[in-house]
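# An overview of the molecular structure
So the chains spell out like this:
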Amino acid sequence: MYKNNKPNNGQQQSKQQRPVTEGRSVSRGAAMRAQKRNQEDAHRILSQYASNNSEPQAQDRSRANVIDDTPKLKIIGLGGMDGGGSKNMIVVEYMNDAVIMDCGNDLGVDLPGINYGICDTAYLETIRHKIKAYIISHGHLDHIGGMPHIVPKFPAPIYGSKFSIGRVEEIFVNFGLPMPEGFELQTVMMNEDTHERLKIGPFYVELVRVTHSIPGSTVIVLDTPIGRIINTGDFRLDPNPLDHERTDTERLTQLGSEGVLALLSESTTTERPGRTPSESTIEQSFIDIMKQAPGRIFVGLFSTNMNRVQMIINAAVHNNKKVAMDGRSMVSTLEMAVRHGFVKIPKGTFVPIAAAATMKDTDLVVVCTGSQGEPSSALQRMSNGEHRHVKLKEQDTVILSSTPIPYSGNDSKIRAMVDDLFRKGVHVFRHETREIDGIGPLHVSGHGSIDEYKEMINMAKPKFFIPIYGDYTAKRQHIEIAVEEGIPRRNTVNAENGEIIELAPEKMEITGRVQNGTVLVDQTGAIVSSIVIKDRLLLAEEGLVAVVLTIDKKTGQLMTSPDIISRGFIYMRDNEELMNAFRTELRRAVQQRFRRVDLDRFKVEIREHVTHFLFEQTQRSPIVIPVVNVISGKPSGVEKPQQNGSGQPVQQKPEDIAAEQQRRFEEMRARLLGQDARTD
């Protein structure tokens, strides 16, 4: 996401090794402006995730003497209304009560050291007392991954299907950081097959079964004092899913005939015509490949796709093969799915991954994570020889039962992984090349196509239509679909994150905006400050130069040659001429400036002077850190002068004082610089 737009290495090297200029060919202002541009570039990259601090805006009124104080229903997307639909989170608020639909994370954040993003919860702080519940549509991380961070700060019961609640409990158990003292996870399992309705404050909630790529997926039906709203969650209308749990179209049609005020419908694939193929079309492909494969078979897929796992188990049993599984997230999800009865495993089918190396090649199928080319996934570790128990070899077969996640940029990672697999002599089957390979489909999308989006609109028959869980373009296309199906355009809105949608029985409008944005999380689960990320971006782009100056307080002269540390900027030993000129500049700067200004101002001036000099010589603006040590004539740490036997102080010779100062300086220099061979 962030790119280095600087010249290539050869161009950089020629600049760095050209003769050092004696005069000033570049003004200080130009150097400062270049540094500011770098900072602005970093800020621009970071601003994609930064909070929008806009205060709620007052609604414009056509008549000043008319005040509409009728209670309104507010719908506010804190996440999921941009990008590919990620960190999905929608607040539904009525007077003094609010519920939150979904609470996900964004795994597509491409910033150094960042694992994922979650929603900025500044607005939730303002309505903390109103929050009555979290309602989950399904168990994918982009819908539940933010919960371990957010729910403990704003506690409320979590409502969802049996499988979804199992996933929620799973991510809380596996979360790496401790929960706040006194926090207790509260969950409520709902039966999506019996149409049970539960009361939450002034709301009634019902979950309706829908097909997606994870068991337990549901449509959220929320009856409010203003009217009924429906959130589809992620869906496809599969007529023949593997688990035979088809979308409850009868109930959705019934709800539509009773009246729906607003339909909030996911918009991930609104530009794909027709209908999404059924999951049932895939199983025969697995059976055929397993029948023909000459050696071991490895299947990479999404860790939560338990229907696909069941399909692979069925195909393995059909071909008299054993199944091993690897990938922490996949194993954890499978254990939960088996425990709740969502996956059926015939006795004797599974073997531990540790036993894989001892089994006959033709008897083994390994199901693992890694279909998206993730660097630390089980499939990648098997490929590069880092896996404890399995190493891919010639004549193995790898099946990638997925396609790149939309908007994720995973295409290049997957391609690089496939390249490596082919180099090893591994047979690779992909959904994209199924016709070339002469096999059937290996993947179907978990999201509907245009005809299914139309069908959902026609079942719900909403008065107002709000596309959600997609980027602006996909939602715009969804509005066109809705208009084609008879929804008046004036009854649609393409809202963005943070915008307040106010609903009344006869009116829908955007009336303002609340603070929103992305909070960044590292691999440990800890929140990372945006200032830290900005520094990382600058370091990645330009590098760092630290100068260590040790100055005699009395004379204002350098006590030794300046120490220079370069990281990610230039290799100093290949730029000796530049380094010599750099030290000369530092000596001149110290001589001219040290006794003129106070220490803090001196550090600022040194930073600017170094920035100017380096930009002039290299056309680059690294981060500059000046370290200034001022040494007084009196050695520090000596509280009392040495005394002779009669208690009189011993007069030290000048050479002894100088030797002591030199010793202390060498110790300090060693602490500062360490023993890194890259220092000069």
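See the structure above.
Keep in mind that this is a model prediction, so the values were computed, not measured.

Reading guide: rules and limits
- Residues numbered from 1 in each chain as written.
- Predicted model: local features only at pLDDT ≥ 70, side-chain atom pairs only at ≥ 80, totals over all residues.
- Heavy atoms only, no water.
- Helix = DSSP H or I, 4+ residues; strand = E, 2+ residues; numbered from the N terminus.
- Pairing = 2+ DSSP bridges.
- Axes fitted to C-alpha atoms, helices over the stretch in contact; angles between N-to-C directions.
- Contact = heavy atoms within 4.5 Å.
- Polar contact = N/O pair within 3.5 Å; in protein donor to acceptor, adjacent residues only side chain to side chain.
- Phe/Tyr/Trp six-rings, centres within 6.5 Å; stacked < 30°, edge-to-face > 60°.
- Buried < 20%, exposed > 50% of the residue type's maximum accessible area, 1.4 Å probe, protein only.
- Expected span 1.5 Å × (residues − 1).
- Arc of directions from axis to C-beta.

## As for the environment of Thr550
Secondary-structure assignment places Thr550 in strand E24 (residues 544-552). Taking the C-alpha atoms as reference points, Thr550 and Val628, separated by 78 residues in sequence, lie 6.0 Å from one another.

## Quick look at the sheet that holds strand E25 (residues 563-567)
With mixed pairing, the three strands of this open sheet are ordered in space as E25-E24-E26. Lying at the two open borders of the sheet, with one neighbouring strand each, are E25 and strand E26 (623-631). In this sheet, adjacent strand axes meet at a mean angle of 15 degrees when their direction is disregarded. Inspection of the sheet shows E24 paired to E25 by five bridges, in the antiparallel sense. Across the sheet, the residue bridging to Val545 is Ser566, located in E25. The sheet strands contacting helix H17 (residues 576-593) are E24 and E25, and the helix crosses E24 at an angle near 45 degrees.

## Topic: the side chain of His149
Mapped onto the elements, His149 comes out in helix H5 (residues 147-150). For His149, the side chain forms a polar contact with the side chain of Tyr116, separated by 2.7 Å. Once residues lying within four places of it in the same chain are set aside, the contact partners of His149 are Tyr116, Ile118, Phe175, Val521, Gly525 and Ile527.

## Concerning the sheet that holds strand E20 (residues 499-504)
Read from one edge to the other, the open sheet built from eight strands follows the order E8-E7-E6-E3-E2-E1-E20-E21, with strand pairing classed as mixed. Either end of the sheet is taken by a strand with one partner, and the two such strands are strand E8 (187-189) and strand E21 (507-513). Taking the axes of each pair of neighbouring strands and ignoring which way they run, one obtains an average angle of 25 degrees across the sheet. Where strand E2 (residues 89-94) meets strand E3 (residues 97-101), five bridges bridge the pair, whose relative direction is antiparallel. Counterpart to Val91 in the pairing with E3 is Ile100. Sitting on the sheet, helix H6 (residues 162-174) touches strand E7 (158-160) and E8, and the angle it makes with E7 is about 140 degrees.

## Side note on the packing of aromatic side chains
Tallied over the entire structure, the rule returns five aromatic pairs. Between Phe172 and Phe183, the aromatic rings sit 6.2 Å apart at their centres with planes inclined by 20 degrees, giving stacked as the arrangement. Taken as a pair, Phe172 in helix H6 and Phe183 in the loop between H6 and E8 lie far apart in primary sequence, eleven residues in all. Residue classification places Phe172 among the buried residues on the basis of a relative accessible area of 11%. Aromatic side chains Phe594 and Phe602 sit 5.3 Å apart centroid to centroid with 85 degrees between the ring planes, which places their arrangement in the edge-to-face category. Looking at Phe594, the relative accessible area reads 13%, which means it is buried.

## Some details on helix H16 (residues 530-542)
The α-helix winds at 3.6 residues per turn, so residues separated by three or four positions along the chain end up facing the same way. Across its 13 residues, H16 extends 18 Å between first and last C-alpha, which sits within 8% of the 18 Å expected from 1.5 Å per residue. Where H16 is concerned, the buried positions are Ile533, Leu537, Leu538, Glu541 and Glu542. Looking down the long axis of H16, one finds its buried residues gathered within 145 degrees of arc, a one-sided arrangement. For H16, the side-chain oxygen to backbone nitrogen distance between the N-cap and Ile531 is 3.1 Å, and the N-cap itself is Ser529.

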